[in-house]
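Secondary and tertiary structure notes
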Amino acid sequence: MGTRELRDGFGRSITYLRISVTDKCNYRCVYCMPAEGVAARSHEELLSAEEIARFVALVAREGIRRIRLTGGEPLVSHRIVPLIRSIRVIPEIEDISLTTNGALLPRMADDLRDAGLDRVNISLDTLDPAQFSRITRLGRLEQAMAGIDAALAYGFHPVKVNTVVVRRLHQDALGLARLSLDRPVHVRFIEYMPIGNEETMAACRNEPHCPPGRSGASPELHPEAWDASDIVPSDELREAISAAGEAAGIGGLVPVDGAGPDGAGPARYWRFPGAAGTVGFISAMSNHFCSRCNRLRLTADGTLRPCLFSDDEYPVREALRAGDDGRVLDIYRTAIARKPLEHETADGTARFMSQIGG
Ligand code: SAM
Ligand code: SF4
């Protein structure tokens, strides 16, 4: 078994691969993709489950230890269960996690667990049913709540709840943080990031299924309308939640000793006194964690992205299809060697979050 450790040009050890298994989704969250959805890629453009698993087996020998499956919505992909099974048998892989909107989790949790999935993150931006439907455009709050219940019932551990905070959405952050009081869940608040851009939206509107001007004419929130004033810095939010907790008689947030539920991950954790779970903050914008970044992304169409915010990409699909393992590894090592030191802010990206794999 290979035990190589691959470091980038700045000495960071790359151990974590995030894989977008599909860019399709059953929701259309306002901050993530346009109302019309994203142009579907043809079947041939997407990596198959076998190709993804082959890639993971190769890079596992180069130091990858943890895999996150994401999208788009990974649970709308028919390949997800076989893919997890194939990754589970790769000896170097220690941890397989999945990020989901939770809607399909109640009916799939059993199969996912059986295939070898270790843990799940569920996205939930509000506890107000009407606001949930407005944000997701196609979703219902009870689906996400049933997803959280299923994750706990089927023994995934830890269960994390991810909330993207956008100032103009006025989400009830205390209400969401309170989910950690009697459930062993880790509610994490994520700063809103500039993903997608004017060109991304324009390209989408040029697709036949995107009527010209619809997204652009819409006054609602969408990736093209990202604005720095919509970022709520984690410190500000934590103080607000803590103060609201005290005012509500729950008590203020106290720091969690040690690393929290994800070891050296990007979140910082607090908890309410006596709570079953924790409250975390991911400050990708106000206090970025680039110096500790250990990750690489693989898009659904087989392209490596060393940095979420950089459009510098390294396609591996053709080399994978040709069965040229040496070439695949050359491209992989080049992508890691060129991983930028830190992200430049904030002109957006040439792909939507659903296409990169958030
Ligand atoms: N569909 C799955 C889900 O929603 O969990 C997985 C893919 S989604 C792209 C992964 C995460 O990215 C979600 O938690 C979502 O809220 C987050 N996300 C999407 N757009 C974002 C943005 N502009 N800034 C910060 N987080 C974003
Ligand atoms: Fe779909 Fe997740 Fe993006 Fe929402 S955040 S549109 S659920 S990919």
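Residues numbered from 1 in each chain as written. Chains lettered and ligands numbered in written order. Predicted model: local features only at pLDDT ≥ 70, side-chain atom pairs only at ≥ 80, totals over all residues. Heavy atoms only, no water.

Some details on the site of ligand 2
Formally: Here a residue is near a molecule or strand as soon as one of its heavy atoms is found within 4 Å of it. Classification used: nonpolar for Ala, Val, Leu, Ile, Met, Phe, Trp, Tyr, Cys and Pro, charged for Asp, Glu, Lys and Arg, polar for all others including Gly.
The local shell around ligand 2 consists of Cys-25, Tyr-27, Arg-28, Cys-29, Cys-32, Met-33, Gly-72 and Asn-101. Its residues assigned to classes, the shell around ligand 2 shows five nonpolar, two polar and one charged.

Re the site of ligand 1
What counts here: Distance and chemistry together define a polar contact, namely a pair of N or O atoms within 3.5 Å, with one atom able to donate a hydrogen and the other to accept it when in protein, and with adjacent residues in sequence counting only for side-chain atoms on both sides. A 1.4 Å probe and the Shrake-Rupley method give the accessible areas. Residues count as covered only by the protein chains that appear here. Every helix listed is a DSSP run of H or I at least four residues long, and every strand listed is a run of E at least two residues long, numbered separately from the N terminus.
Taken together, 17 residues form the shell around ligand 1, and within it Tyr-31, Gly-72, Ser-123, Val-164 and Met-193 come nearest. Within the side chain of Tyr-31, an N or O atom sits 3.0 Å from an oxygen atom of ligand 1. Contact between ligand 1 and Ser-123: an oxygen atom at 2.5 Å from a side-chain N or O atom of the residue. Protein burial of ligand 1: of its 540 Å² of free accessible surface, 95% is covered by the chains. Listed by contribution, the elements that provide at least two residues to the shell around ligand 1 are strand 2 (66-71), strand 3 (95-100) and strand 5 (159-165).

A look at the pairing of strand 5
Cut-off, in case you're wondering: The buried label goes to any residue with under 20% of its type's maximum accessible area, the exposed label to any with over 50%, and the partly exposed label to all in between, with areas taken from a 1.4 Å probe on protein chains only. Should DSSP find at least two bridges between two strands, the strands are regarded as paired.
By the criterion of burial, strand 5 is predominantly enclosed, with seven of the seven residues buried. Side chains of strand 5 alternate between two faces, with Val-159, Val-161, Thr-163 and Val-165 and Lys-160, Asn-162 and Val-164 buried alike. By the bridge criterion, four bridges tie strand 4 (residues 119-123) to strand 5 in an arrangement that is parallel. Residue pairing across strands places Ile-122 opposite Val-161, the latter belonging to strand 5. The pairing of strand 5 with strand 6 (residues 185-191) spans seven bridges and is parallel. Along strand 6, the bridge assignment pairs Thr-163 with Phe-189.

Re the state of the cysteines
For clarity, the cut-off: Sulfur atoms of two cysteines make up a disulfide when they are within 2.5 Å.
Enumeration over the complete set of coordinates arrives at zero disulfides. As a non-bridged cysteine, Cys-307 has Cys-290 as the owner of its nearest cysteine sulfur, 6.3 Å distant. By relative accessible area, Cys-307 is classed as buried at 12%.

Focus on helix 10 (residues 234-247)
Note the cut-off: Multiplying 1.5 Å by the helix residue count minus one yields the expected span of that helix. Arc definition: directions from the helix axis to the C-beta atoms. Throughout, a contact is declared for two residues whenever any of their heavy atoms are within 4.5 Å.
Between its terminal C-alpha atoms helix 10 stretches 20 Å, which fits the 20 Å expected from 14 residues at 1.5 Å a residue. Taken as a whole, helix 10 has its buried residues at Ser-234, Leu-237, Arg-238, Ile-241, Ser-242 and Gly-245. Buried residues of helix 10, viewed axially, fall in a sector of 130 degrees; they line one side. Of the exposed residues in helix 10, the ones pointing more than 90 degrees away from its buried face are Glu-239, Glu-246 and Ala-247. Structurally, helix 10 contributes buried residues whose contacts are with strand 5, helix 6 (173-177), strand 6, strand 8 (268-271) and strand 9 (278-282). Following helix 10 by one or two positions, Gly-249 adopts a phi angle in the positive range, close to 85 degrees.

Things to note about the pattern of salt bridges
The line we're drawing: The term salt bridge refers to a pairing of a side-chain nitrogen on Lys or Arg with a carboxyl oxygen on Asp or Glu at a separation within 4 Å.
Within this structure, the stated rule accounts for 21 salt bridges. One salt bridge connects Arg-41 with Asp-301, and the closest N-O pair in it is separated by 3.4 Å. Separated by 260 residues along the polypeptide, Arg-41 in the loop between strand 1 (16-22) and helix 1 (49-60) and Asp-301 in the loop between strand 10 (295-298) and strand 11 (303-305) bring together distant segments of the chain. Across this residue pair, the class does not change: Arg-41 and Asp-301 are buried. Arg-321 serves as the salt-bridge partner of Glu-51, at 2.8 Å between the closest nitrogen and oxygen. On the criterion of sequence distance, the pair formed by Glu-51 in helix 1 and Arg-321 in helix 11 (residues 317-321) is long-range, its members being 270 residues apart.

Focus: the sheet that holds strand 10
Taken in spatial order, the 12 strands of this open sheet run 7-8-9-6-5-4-3-2-1-10-11-12, and their pairing is mixed. Looking along the sheet, the strands with just one partner apiece sit at the ends: strand 7 (254-255) and strand 12 (314-315). Where strand 6 meets strand 9, five bridges bridge the pair, whose relative direction is parallel. Bridged to His-186 within strand 9 is Thr-278.

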